[in-house]
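# Geometric and topological summary
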Amino acid sequence: MEDRRRMDYRVQRQILDEGEVDELAHKDDSHFPFSERVKKSVRCSGPRLKKALFSTIPILSWLPRYPFKEYAVGDLISGISVGIMQLPQGMAYALLASVPPIFGLYSSFYPVLIYFIFGTSKHISLGTYAVMSVMIGGVTERLAPDSDFMTWDNVTNATLIDTVARDAERVRVAAAVTFMSGIFQILLGVVQFGFVVTYLSEPLVRGYTTAAAIHVIVSQLKYSFGISPDRYSGPLSLIYTVIEICYLLPKTNIGTLVVTLVAILGLFLAKELNAYLSKKIPVPIPTELIAIIIATIVSWQVDLSGKYGIDVVGEIPSGLQPPVFPDVKLFAPVIGDAFALSVVGYGIAISLGRIFALKYGYKVDSNQELVALGLSNSIGGIFQCFAISCSMSRSLVQESSGGKTQVAGALSAVVILFITLWIGTLFEDLPKAVLAAIIHVNLQGMLKQFMDIFALWKSSKIDMMIWIATFILTLLLNPDLGLAASIAFSMLTVIFRTQLPKYSILGRVEDTDIYKPLDGYSKVKELPGILIFRSSATLYFANAEMYQEALGKKEQHDNEEPEDIAVIHVDPEPNPSLPQAIILDLSPVNFLDTVGVKTIRNIRRDYGEIGIEVVLAACQPGVVDNLEAGGFFNEKVTKSCLFSTIHDAVLYCKSARSRNQRENDKEELPATHF
């Protein structure tokens, strides 16, 4: 740093306007017709075909070069560890989706294999995810409510629910919305729409997942207390559900509550032990697997279902389901939910994928990730899976246990296949309260995100507002509508920031060609006779009028009675309090619409009428193109009023002022008599 401060440099060159710079740099103004660009994009060659094939099916590029000796052991241990985690989580998250637990295992198998072929992230663990599952559950219970499957039992003279028919219909609904979400993701990926995730800022995602965690917790309270509240849908359904649960609390099944509390306490202590031993053991203790094994054995031996009325998982069919194309009639009712699922699932997966890619120095293709997730969901929907994404907890286990590639993910799918074919039926006596406890404990990480509010308060008040607004909107409007409303609110904050930018007068740092705002630096001096004006935002229709008004106020800041910039009175003598030149620093401006171009043209015209020259500095190439397209240049206004740097503009204004002064002095000299 000291050496860099001692270094100095000198550049001797002429003052260059934008036109001279274009000529000096040989600007290329050639424009290819649209038809030529289309022909070039569809032109095929051997190398291009190979590149397209490898980018579309990434496994072809990395699997033949897989370093077996270096990676095989780590991927094997990682795959087994993640597969063991997938078992309890898949069954638990199936409850969130309101489908039988076996379909959670299917969702941990088929999509993982598809992503293994088409995905570009090496470390994320694809499968069931709490937020996605609760969104699926909202759809299945809305389109297949219990009330549609009520039957009258003549023996008991009571109304019963045909759970077999209900579950079958809910599986069809879940498969349909999953298939549609996959189609949306594929289409977005094909049209290179991966940048859509940029609209999901980190505060928005974290506020959204925190609110979704609350929805998940509330949805599992019926299993924790052993009660049967009515299902509500639409805005404020969470509030109605909480009220209903509070009303039903006196009917709590004490046995179910005891199982829930014991499971939560045991899982929490086990996770704390895992955290304590994380640096001492290479693979975490499979606490959730141990919990469901113990709970199943106790339930089987004690007969918790028969003696205490504790709800258990029930029949788990062995083997895999044959592929069935989703019911086309269900596509229309779920199209909105499917789009929300596609965006949320992709946003979570790409965010986590980029974190690992940055850590390990490889690239994640955002558009290919959309295609990979879309294929995983669409093909998974045909095999009666529900929508998936990646899990933070499983991804961390996959990484920390030695996983290097998606071979670990494929091996975890093999573990699930083994369980599904031969072991699944052993968990039929597992209490659902234990699965609910697993969900509650797994969500503690999301609930810790409430601490973001205090950190954002210190760093960015607007980001804090986005977090809080997203949380409240998602809580009240449900995850689907809440996401749309949260994105709209986030976009409004961007518009709000561009409408209230910071306007500054720049001065020169002594003995340099660097220009900084006068109100932020004590060693910055204003240039006499030259006003350098900058806005911190781009210039477009929403803030063009404010830009012009702010310039008028800054230009007249020394006057006691500011004038309206829109009406300029031309005096016979120039006002000495006004600057002789104004430089508009457009470096923060990344585009100009027609209103912005018109505003700059009006500023030049109005100030020119009172003898103040206005020049533009630090224009980006796109802004220059906008000026040309907007008709800013003509025979009188050329690129000679544009300068690449503020310093060039300052030197030009000084030289112009000197020329004008010399001309004025000549006019005032007395006539010479001979």
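Residues numbered from 1 in each chain as written. Predicted model: local features only at pLDDT ≥ 70, side-chain atom pairs only at ≥ 80, totals over all residues. Heavy atoms only, no water.

### Brief notes about the overall build of the chain
The number of helices and strands found in the chain is 27 helices and 11 strands. When burial is assessed residue by residue, the chain has 47% of its 674 residues classed as buried. Put simply, 80% of the contacts in the chain that link residues at least 6 apart link residues at least 24 apart. Only carbon and sulfur atoms are counted for the fraction: they give 62% of the accessible area of the chain, which is about 35,200 Å². (Helix = DSSP H or I, 4+ residues; strand = E, 2+ residues; numbered from the N terminus. Buried < 20%, exposed > 50% of the residue type's maximum accessible area, 1.4 Å probe, protein only. Contact = heavy atoms within 4.5 Å. Areas by Shrake-Rupley, 256 points an atom, 1.4 Å probe, with all protein chains shown as cover.)

### Structural notes on the UniProt feature "transmembrane region" (unreviewed entry) in the chain
UniProt records the feature "transmembrane region" (unreviewed entry) at residues 93-118, 173-195, 256-277, 289-310, 330-358, 370-389, 409-427 and 464-496, using the numbering of this structure. Secondary structure content for residues 256-277 is 100% helix and 0% strand, and the end C-alpha separation is 31 Å. Along residues 370-389 the backbone is 65% helical and 5% strand, and the end-to-end C-alpha distance reaches 11 Å. (UniProt positions renumbered as here; feature names shortened; annotations may be inferred.)

### Remarks on the packing of aromatic side chains
Summed over all chains, the structure comprises 20 aromatic pairs. Taken together, a centroid distance of 5.7 Å and an interplanar angle of 20° make the contact between Trp467 and Phe471 stacked. In this pair, Trp467 and Phe471 are both assigned in helix H23 (residues 461-499), 4 residues apart and thus about one turn of the helix distant. Each member of the pair, Trp467 as well as Phe471, carries the same accessibility label: buried. (Phe/Tyr/Trp six-rings, centres within 6.5 Å; stacked < 30°, edge-to-face > 60°.)

### Focus on the packing of helix H9 (residues 130-143) against helix H11 (residues 202-225)
Working note: a packed helix pair is described by the angle between its axes plus the distance between those axes. It is at 9 Å that the axes of H9 and H11 come closest, and there the two elements cross at 55°. With respect to H11, the axis of H9 lies oblique. As H9 runs across H11, the sense of the crossing is left-handed. Across the interface between the two elements, Ala130, Val131, Val134, Met135 and Glu141 from H9 touch Tyr208, Thr209, Ala212, His215, Val216, Ser219 and Lys222 from H11. Of the residues assigned to the contact of H9 with H11, the class counts are 7 nonpolar, 3 polar and 2 charged. (Axes fitted to C-alpha atoms, helices over the stretch in contact; angles between N-to-C directions. Parallel < 35°, antiparallel > 145°, perpendicular 65-115°, else oblique. Left-handed = near helix turned anticlockwise from the far one by under 90°. Nonpolar A, V, L, I, M, F, W, Y, C, P; charged D, E, K, R; others polar.)

### Some words on the pattern of salt bridges
By the definition in use, this model includes 14 salt bridges. Close ionic contact of Glu141 with Lys222 constitutes a salt bridge, the shortest N to O distance being 3.6 Å. On the criterion of sequence distance, the pair formed by Glu141 in helix H9 and Lys222 in helix H11 is long-range, its members being 81 residues apart. On the basis of relative accessibility, which here comes to 23%, the residue Lys222 falls in the partly exposed class. (Salt bridge = Lys/Arg side-chain N within 4 Å of Asp/Glu carboxyl O.)

### Structural notes on the nonpolar core
Within the largest apolar cluster, 104 residues are counted, with the highest numbers of intra-cluster contacts made by Met91, Ile292 and Leu435. Take this core: its biggest share by element is 14 residues, from helix H16 (residues 331-360). Met91 has contacts with Pro101, Leu105, Val313, Ile316, Phe427, Leu430 and Leu435, leaving out every residue within four places of it along the chain. (Core = buried A, V, L, I, M, F, W, Y, C linked by side-chain atoms within 4.5 Å.)

### Quick look at the state of the cysteines
One pass over the structure, following the stated rule, counts 0 disulfides. The thiol sulfur of Cys619 is not disulfide-bonded, and the nearest other cysteine sulfur, from Cys641, lies at 8.4 Å. Here Cys619 falls in the buried class, since its relative accessible area comes to 10%. (Disulfide = S-S within 2.5 Å.)

### What to know about the environment of Phe533
Residue position: Phe533 is located in strand E8 (residues 530-535). Judged by its relative accessible area of 0%, Phe533 falls in the buried class. Expressed as a C-alpha distance, the spacing of Phe533 and Gly507, which sit 26 residues apart in the sequence, is 9.6 Å. In this structure Phe533 touches Tyr503, Ser504, Ile505, Tyr547, Ala550, Leu551, Lys554, Ile583, Leu584 and Asp585, once residues within four positions along its chain are discounted.

### Re the pairing of strand E5 (residues 503-509)
Buried residues dominate E5, accounting for 5 of its 7 residues. In the sheet, E5 pairs with strand E7 (residues 524-525) via 2 bridges, with the strands oriented antiparallel. What sits directly across from Arg508, in E7, is Lys525. (Pairing = 2+ DSSP bridges.)

### Details of the side chain of Asn274
Considering the arrangement of structural elements, one finds Asn274 in helix H13 (residues 254-277). On the basis of relative accessibility, which here comes to 13%, the residue Asn274 falls in the buried class. Residues within four places of Asn274 in sequence aside, it is in contact with Ile281, Pro284, Ile285 and Thr287.

### Concerning unusual backbone geometry
Phi is positive for Ser98, close to 60°, though the residue is something other than glycine. Residue placement: Ser98 occurs in the loop between helix H6 (68-96) and helix H7 (102-107). Residue Ser98 is classed as buried on the basis of its relative accessible area, which comes to 7%. In this structure, Leu236 is a non-glycine residue whose phi angle is positive, near 65°. Its place among the elements puts Leu236 in the loop between H11 and helix H12 (237-248). Given a relative accessible area of 36%, Leu236 falls into the partly exposed group.

### Examining helix H20 (residues 432-442)
Side chains three or four residues apart in an α-helix point the same way, a direct result of the helix having 3.6 residues per turn. Of all 11 residues in H20, 11 are buried, a share of seventy percent or more. Restricting attention to buried positions, one finds in H20 the residues Lys432, Ala433, Val434, Leu435, Ala436, Ala437, Ile438, Ile439, His440, Val441 and Asn442. Against H6, H11, H13, helix H14 (287-302) and helix H21 (444-447) lie the buried residues of H20.

### Quick notes on a nonpolar patch on the surface
Taken together, Leu273, Tyr276, Ile285, Ile290, Ile294, Val298, Val302 and Tyr308 make up a surface patch of nonpolar side chains, about 710 Å² in accessible area. Where the nonpolar patch is concerned, the elements lending two or more residues are H13 and H14. At 4 residues, H14 tops the list of elements feeding residues into the nonpolar patch. Within the fold, Val302 resides in helix H14. (Patch = residues over 30% accessible without salt bridge, like charges linked within 9 Å, V, L, I, M, F, W, Y side chains within 5 Å.)

### With respect to the environment of Tyr71
Within the secondary structure, Tyr71 is located in helix H6. For the pair Tyr71 and Gly403, spaced 332 residues apart in the sequence, the C-alpha separation amounts to 7.7 Å.

### Details of the side chain of Ser486
Structurally, Ser486 can be placed in helix H23. In this view, Ser486 contacts Leu204, Thr470, Leu473 and Thr474; residues no more than four positions away in its chain are not counted.

### Details of the packing of H9 against helix H10 (residues 163-190)
Contact pair H9 / H10: the axes reach a minimum separation of 9 Å and the direction vectors enclose 130°. By the angle class used here, H9 and H10 are oblique. The interaxial crossing formed by H9 with H10 has right-handed handedness. Counted together, Ile136, Val139, Thr140, Glu141 and Leu143 of H9 and Arg170, Val173, Ala174, Val177 and Thr178 of H10 form the full contact between these two elements. Residue composition of the contact of H9 with H10, by class: 6 nonpolar, 2 polar and 2 charged.

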